[in-house]
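Descriptive structure summary
The lines below spell out each chain.
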Amino acid sequence: MVDGLKRLSVLAVALVMAATLFFSGRSLLRPQAALALPPAAFDVAECTTVVNPGESIQTAVTGSATGATVCVRGGVYNERITIRPDKANLRLVAWPGETPVIDGDRALPGGAFVQRFDALVTILASGAVLDGFEITGSTGDGVDVTTAAGATQPIQGVTVRNSHIHNNWGPGLIARGNVDLPAANILIENNRVHDNLRRARLIPVIYRGLRSGTGPADWTFERSELWDAPFWSGVHADLPETW
């Protein structure tokens, strides 16, 4: 009986370790080789807008019509991207053979407590496509495909493919609806997603930051600090003066 309990205990610990490593984007068995992500397969003649380094992807998305194709050249883009519900069937794709990088630079979408579950790339439009990007350095999630607040129809028909999503403070990739409007027909294919949920390395955690005002969202953090403690810290951290 004692041996049986020991075996069950070992199995339980192993399962907990496996779940922890799975959700943090790591393999329990062996390091995974990098995926050879192919360039987005499309004709550049389909591009309705081309974004070059130094320009804003979000500005291009906001100014595009439903069903547009926004093509992004290789380079680093330090911005937060949101594809709103009124941009149905919009395609956001990498220029063939190039990899645009959407980098939160440990500062975006923001360090305020209320932003801890926001994403660097948020897709709220049905039929939208995200293809061929590297997404990293978010202070929240990497990519979030979700039904918009107040929506009367569920998000559906979204595709996320050929992208490299890594080293984000929260989960790398989330696709979800809600109880009344569940997401449907979401295609996630040929992505490399790893080393996300970095805040889990410091569990248990409490919020820690610098007060920048008196409001509930008036918190900031110094992005030059070590990535593992920009505004979260371990069990021995002090609570803010005003909670």
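Residues numbered from 1 in each chain as written. Predicted model: local features only at pLDDT ≥ 70, side-chain atom pairs only at ≥ 80, totals over all residues. Heavy atoms only, no water.

So, about unusual backbone geometry. Residues Leu-108 and Pro-109 are joined by a peptide bond in cis, for which omega reads 5 degrees. Residue position: Pro-109 is located in the loop between β6 (100-103) and β7 (119-123). You will see that Asn-89, though not glycine, has its phi angle at about 65 degrees, which is positive. Judged by relative accessible area, Asn-89 falls into the partly exposed class, the value being 45%. The phi torsion at Asn-185 lies on the positive side, around 55 degrees, for a residue other than glycine. Looking at the element boundaries, Asn-185 is found in the loop between β13 (173-176) and β14 (187-189). With a relative accessible area of 63%, Asn-185 lands in the exposed category. (Helix = DSSP H or I, 4+ residues; strand = E, 2+ residues; numbered from the N terminus. Buried < 20%, exposed > 50% of the residue type's maximum accessible area, 1.4 Å probe, protein only.)

Sheets are built from strands that pair by backbone hydrogen bonding, the pairs being arranged parallel or antiparallel. Pairing is parallel across the open sheet formed by six strands, whose spatial order is β1-β2-β5-β8-β11-β14. Each having just a single partner strand, β1 (49-51) and β14 make up the two edges of the open sheet. Across the sheet, the axes of successive neighbouring strands diverge by a mean angle of 10 degrees, strand direction being ignored. (Pairing = 2+ DSSP bridges. Axes fitted to C-alpha atoms, helices over the stretch in contact; angles between N-to-C directions.)

With that settled, the discussion passes to the environment of Pro-53. Within the secondary structure, Pro-53 sits in the loop between β1 and α2 (57-62). In contact with Pro-53, not counting residues within four places along its chain, are Arg-73, Gly-74, Gly-75 and Tyr-77. (Contact = heavy atoms within 4.5 Å.)

So, on to the pattern of salt bridges. Evaluation of the coordinates by the stated rule reveals six salt bridges. The closest approach of N and O atoms between Arg-73 and Glu-98, which form a salt bridge, is 2.7 Å. Residue Arg-73 is located in the loop between β2 (69-72) and β3 (75-77), and its partner Glu-98 is located in the loop between β5 (91-94) and β6; the two are separated by 25 residues in the primary sequence. Judged by relative accessible area, Glu-98 falls into the partly exposed class, the value being 26%. Two residues, Asp-131 and Arg-161, come together in a salt bridge whose shortest N-O distance is 3.8 Å. (Salt bridge = Lys/Arg side-chain N within 4 Å of Asp/Glu carboxyl O.)

Note that all results are geometric; they support no functional claim without further evidence.
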